[in-house]
Amino acid sequence: MYAQMIKTDSDRVKDLSEMSPEDRAFQERIDRGEKIEPKEYMPEGYRKTLIRQIGQHAHSEIVGQLPEGNWITRAPTLERKAILLAKVQDEAGHGLYLYCAAETLGVSRDELIGLLHSGKMKYSSIFNYPTLTWADIGAVGWLVDGAAIMNQVPLQRTSFGPYSRAMVRICKEESFHQRQGYDIMIKMAQGTPEQKAMAQDALNRFWYPSLMMFGPSDKESVHSAQSMAWKIKINTNDELRQKFVDQTVPQAKYLGLTVPDEHLVWNEEKQGHDFSEPDWTEFFEVLAGNGPCNKERLAARVKAWDDGAWFHDGLTVYAKKAETRRARQPLAAE
Amino acid sequence: MAQQSRPPSETADVIELLLRTGDNTLVLGHRVSEWCGHSPVLEEDIALANSALDLIGQTQLWLGLAGELEALMNGQARTADQLAYLRDAAQFRNVLLVERPNGDFGQTLMRQFLFDAWHLELLKTLENSTHPRIAEIAAKAIKEVYYHVERSADLVIRLGDGSDESHRRMQAALDDIWSYAGELFVADAYDERLAAAGIAPNPADLKPKWEQTVLRVLSEATLTVPAGTFVHKGGKRGIHTEHLGFILAQMQFLQRAYPGAVW
């Protein structure tokens, strides 16, 4: 999940009878499963929450280029290099769709990027972890994209039209990414003892951060309840985490790798695995800026933006010149 | 197999051509891919990744054929990966232009434009090569390269004729890289034999059309062509700049550190 702990500005979810006629009509449309389109009425809280969620999601795609980009120049074969390039390119594309979806809510891409750079908006905690070996590129595809898909597949049914449509396109590409990541893991797990050790080490380091991607338990969260009422969140964090664990454990077994959780056990009664919670103190430290790569990730994005200022300005000045020339053209023809 | 009826000395020439062409796309693709996630704007992240992807894809074809033809020479084929990851710098045949460091976005762009304009002319000729396999690869690659030239020329114009700052940077980039473009047109004995056999153009013959494109775009970009005529060369003979060693150290790390592993 690329959106974590999104606030809604609500202190509680209102009952239909407490709503203004406009808000009630809006909620009824959502309850009927209708899509809300940009120019239609929406409560301010809905709009703001979506901006936070879509913005955080977009930022995650952009920052997410960095840990994977870290291995593009060291990819072990031409084919792996090409696949990784295509994947990172897809992620930039996802960022673009999502910023566009956010723009339909009245916030510009530049404003959102400004909020990211000033630290007022976050990106997913997972991208603050380093990619130390080639196996990490496999683990990121398998686990991180796998966790993202868990959340994004239901979001194809989200109530906001542009977000839902962006999600349909994104999901197609994400499942391809996940298969590629798993394919790297298969090669590593079946490879030399050193490769197998790298694969196990990658799983050890990415397992709990992947579980954290879903966010802490939100059973009691008013924000989560409000987002679910608005259908901009479809499942609870715990539901998605459970689903992810149940899907991933057999995949790890197939690879011959061990999930780093001694309490992991199949629970026949609930038809799911029991597993250990990640260390939430670590999660909050990472969100607070103390993850292994927070400073580098944000600094890299800010540097790209600052170093590119002349590029933006140059293009803007050219566009103005070109417009002036176009405006003069009919006169020149006379 | 058309090439089997050809004399072995010609096969050696063809392999040289394929290494030169494939190493150019490999090394430039590598350089461009260094931008991933660091470019000035999201659209450029996408465009740069796309260009790098095209160049790496073309590398697989050129080096793949080179490795395959090696079997005709010494009975042992090599894969494109073996050629890319297991040769040292002195065996690389790319021009010095493509191994120049990225610098700022303007330097990367100018390097790309001068290369793209040449690459297009090269592929136009290779499309009609008497060597059918080469013609086939060129016909595939040229579709991508038309787009590369369109993009890099358009950006050179917009940034050259943009703000004072963007103009200054693009002029500096041109001044910096200009003396590395000439190597693209220097012919040696290999080139002359390949041209005589109708397999590849004589590099010198590509210059007029390249100049036509480059001068038109630079003029529209309000940039001044540097006066110097000095040409840095050596890459085609395996004498490289200090930069290539570092590119290979990075690129070949896994293959060198874990020999024989499958990835």
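Please refer to the structure higher up on the page.
Report follows, based on the coordinates. (Residues numbered from 1 in each chain as written. Chains lettered and ligands numbered in written order. Predicted model: local features only at pLDDT ≥ 70, side-chain atom pairs only at ≥ 80, totals over all residues. Heavy atoms only, no water.)

Some words on the overall build of chain B
Then, in step 1: Of the regular secondary structure elements, chain B holds 10 helices and 0 strands.
Then, in step 2: The N-to-C order of helical and strand elements in chain B reads α-α-α-α-α-α-α-α-α-α.
Then, in step 3: Computed over C-alpha atoms, the radius of gyration of chain B comes to 18 Å, within 12% of the 18 Å expected from 2.2 N^0.38 for 263 residues, which places it in the range of a compact globule.
Then, in step 4: Principal axes of the C-alpha set define a box for chain B whose edges measure 60 × 45 × 30 Å.
Then, in step 5: Looking at chain B residue by residue over its 263 residues, the buried ones come to 58%.
Then, in step 6: Sequence separation of at least 24 residues holds for 81% of the intrachain contacts in chain B that already meet a minimum separation of 6.
Then, in step 7: Per element, the accessible surface of chain B, about 10,200 Å² overall, is 53% carbon and sulfur.
Then, in step 8: Between the averaged position of the 24 positive side-chain charges in chain B and that of its 35 negative side-chain charges there is a distance of 4 Å. (Helix = DSSP H or I, 4+ residues; strand = E, 2+ residues; numbered from the N terminus. Rg over C-alpha atoms; globule rule 2.2 N^0.38 Å. Buried < 20%, exposed > 50% of the residue type's maximum accessible area, 1.4 Å probe, protein only. Contact = heavy atoms within 4.5 Å. Areas by Shrake-Rupley, 256 points an atom, 1.4 Å probe, with all protein chains shown as cover. Lys, Arg positive; Asp, Glu negative; His and termini not counted. Charge placed at Lys NZ, Arg CZ, Asp CG, Glu CD.)

Section: helix α5 (residues 109-117) of chain A
Residue and element names in this part refer to chain A.
Then, in step 1: Listing the buried residues of α5 in full gives Arg-109, Leu-112, Ile-113, Leu-116 and His-117. All buried residues of α5 lie within an arc of 140° about the axis, which places them on one face of the element.
Then, in step 2: Within two residues after α5, Gly-119 carries a phi angle of roughly 85°, on the positive side. (Arc of directions from axis to C-beta.)

Things to note about the environment of Glu43(B)
Then, in step 1: Take Glu43(B): it is sitting in helix α2 (residues 42-74).
Then, in step 2: The spatial distance from the C-alpha of Glu43(B) to the C-alpha of Asn128(B) is 34 Å, given a sequence separation of 85 residues.

As for the packing of aromatic side chains
The description of an aromatic ring pair uses the distance of the two centres, along with the angle that the planes make with each other.
Then, in step 1: Tallying each qualifying case throughout the model produces 16 aromatic pairs over all chains.
Then, in step 2: Seen in terms of ring centroids, Phe26(A) and Tyr41(A) are 6.3 Å apart; in terms of plane orientation they differ by 85°. Their pairing is edge-to-face. Placement of the pair is Phe26(A) in helix α1 (residues 21-31) and Tyr41(A) in the loop between α1 and α2 (44-63), with a sequence separation of 15 residues.
Then, in step 3: Overall, Tyr41(A) belongs to the partly exposed group, its relative accessible area being 35%.
Then, in step 4: Plain terms: the ring middles of Phe26(A) and Tyr46(A) are 4.8 Å apart, the flat faces sit at 75° to each other, and that makes the pair edge-to-face. Here the residue Phe26(A) occupies a position in helix α1, and Tyr46(A) occupies one in helix α2, the gap between them amounting to 20 residues.
Then, in step 5: Among the residues examined, Tyr46(A) registers a relative accessible area of 0% and is labelled buried.
Then, in step 6: Through successive ring pairs, a cluster of aromatic residues spans Phe26(A), Tyr41(A), Tyr46(A) and Trp230(A).
Then, in step 7: Over the face of the ring belonging to Phe92(B) we find Arg87(B), whose NZ or CZ atom lies 4.2 Å from the ring centre.
Then, in step 8: For the cation-ring pair, Arg193(B) lies above Tyr190(B), with the distance from its terminal atom to the ring centre recorded as 5.3 Å. (Phe/Tyr/Trp six-rings, centres within 6.5 Å; stacked < 30°, edge-to-face > 60°. Lys NZ or Arg CZ within 6 Å of the ring centre and 35° of its normal.)

With respect to the environment of Trp305(A)
Then, in step 1: For Trp305(A), the location among the structural elements is in helix α12 (residues 294-307).
Then, in step 2: For Trp305(A), a relative accessible area of 26% translates into the label partly exposed.
Then, in step 3: When the C-alpha positions of Trp305(A) and Gly114(A) are compared, they lie 9.7 Å apart, and in sequence the two are 191 residues distant.
Then, in step 4: Among residues more than four places away in sequence, those in contact with Trp305(A) are Asp110(A), Ile113(A), His117(A), His312(A) and Pro40(B).

Considerations on empty space enclosed by the protein
All names here are of chain B.
Then, in step 1: Scanning the model with the defined rule gives 2 cavities of 30 Å³ or more in all.
Then, in step 2: There is about 190 Å³ of room inside the largest cavity.
Then, in step 3: The set of elements that each furnish at least two residues to the lining of the largest cavity consists of α1 (8-33), α4 (105-126) and α7 (189-196).
Then, in step 4: No other element matches α1, which puts 4 residues into the lining of the largest cavity. (1 Å grid on protein atoms, 1.4 Å probe; cavity = no way out; pocket = protein on both sides within 12 Å on 5 of 7 lines; lining within 4 Å. Points joined across faces, edges and corners; volume = space filled by probe spheres on them.)

Describing the environment of Thr79(B)
Then, in step 1: Structurally, Thr79(B) is set in the loop between α2 and α3 (80-85).
Then, in step 2: Along the backbone, Thr79(B) and Pro40(B) are 39 residues apart, and their C-alpha atoms lie at a distance of 36 Å.

Regarding the layout of surface pockets
Residue and element names in this part refer to chain A.
Then, in step 1: When its volume is computed, the largest pocket comes out at roughly 740 Å³.
Then, in step 2: Listed by contribution, the elements that provide at least two residues to the lining of the largest pocket are α2, α5, α6 (134-155), α9 (222-229) and α10 (237-255).
Then, in step 3: Residue composition of the lining of the largest pocket, grouped by class: 17 nonpolar, 12 polar and 8 charged. (Nonpolar A, V, L, I, M, F, W, Y, C, P; charged D, E, K, R; others polar.)

Description of the nonpolar core
Then, in step 1: Trp134(A), Met110(B), Phe113(B), Ile134(B), Val156(B), Trp210(B) and Leu218(B) are the most contacted members of the largest nonpolar core, which has 144 residues in total.
Then, in step 2: Setting aside its immediate chain neighbours within four residues, Trp134(A) contacts Trp71(A), Ala75(A), Pro76(A), Arg80(A), Leu84(A), Ile184(A), Met188(A), Leu254(B) and Trp263(B). (Core = buried A, V, L, I, M, F, W, Y, C linked by side-chain atoms within 4.5 Å.)

Considering the interface of chain B and chain A
Then, in step 1: If you look at the interface, chain B gives 49 residues, while chain A gives 47 residues.
Then, in step 2: Both sides together, the interface formed by chain B and chain A hides about 4,100 Å², and carbon and sulfur atoms give 69% of it.
Then, in step 3: Contact with chain A buries surface across chain B, with Pro40(B), Leu42(B) and Trp263(B) losing the most and accounting together for 17% of the total.
Then, in step 4: For Arg109(A), the salt bridge identified is with Glu43(B), shortest N-O distance 2.5 Å.
Then, in step 5: Counting across the interface, chain B meets chain A through 17 residue pairs in polar contact (both at pLDDT 80 or more).
Then, in step 6: Listed by contribution, the elements that provide at least two residues to the side of chain B that touches chain A are α1, α2, α3, α4, α5 (132-160), α6 (164-181), α9 (242-251) and α10 (253-257) of chain B.
Then, in step 7: The greatest single-element share of the side of chain B that touches chain A, amounting to 12 residues, is contributed by α2(B).
Then, in step 8: Class assignment for the residues of the side of chain B that touches chain A results in 25 nonpolar, 14 polar and 10 charged. (Buried area = accessible area lost by both parts, 1.4 Å probe. Salt bridge = Lys/Arg side-chain N within 4 Å of Asp/Glu carboxyl O. Polar contact = N/O pair within 3.5 Å; in protein donor to acceptor, adjacent residues only side chain to side chain.)

Focus on the packing of α2(A) against helix α4 (residues 78-103) of chain A
A packed helix pair is summarised by two numbers, namely the angle formed by the two axes and the spacing between the axes.
All names here are of chain A.
Then, in step 1: The contact between α2 and α4 brings their axes to 8 Å, and the two run at 160°. Relative to α4, the element α2 is oriented roughly antiparallel. Judged by the sense of rotation from one axis to the other, the crossing of α2 with α4 is left-handed. Between α2, through Ile-54, His-57, Ala-58, His-59, Glu-61 and Ile-62, and α4, the contact on the second element is made entirely by Glu-91, Ala-92, His-94, Gly-95, Leu-98, Tyr-99, Ala-101 and Ala-102.
Then, in step 2: Class assignment of the residues belonging to the contact of α2 with α4 gives a composition of 8 nonpolar, 4 polar and 2 charged. (Axes fitted to C-alpha atoms, helices over the stretch in contact; angles between N-to-C directions. Parallel < 35°, antiparallel > 145°, perpendicular 65-115°, else oblique. Left-handed = near helix turned anticlockwise from the far one by under 90°.)

Let's talk about the pattern of salt bridges
All names here are of chain A.
Then, in step 1: Within the structure shown, the criterion is met by 36 salt bridges over all chains.
Then, in step 2: Measuring nitrogen to oxygen at the nearest pair gives 2.3 Å for the salt bridge that ties Glu-68 to Lys-87. Of this pair, Glu-68 sits in helix α3 (residues 65-69) while Lys-87 sits in helix α4, and the two are 19 residues apart along the sequence. When sorted by exposure, Glu-68 lands in the same class as Lys-87, which is buried.
Then, in step 3: Lys-233 is the salt-bridge partner of Asp-218, the closest N and O atoms lying 3.1 Å from each other. Residue Asp-218 is located in the loop between α8 (193-212) and α9, and its partner Lys-233 is located in the loop between α9 and α10; the two are separated by 15 residues in the primary sequence.

Bear in mind that shape data such as this cannot, by itself, settle questions of function.
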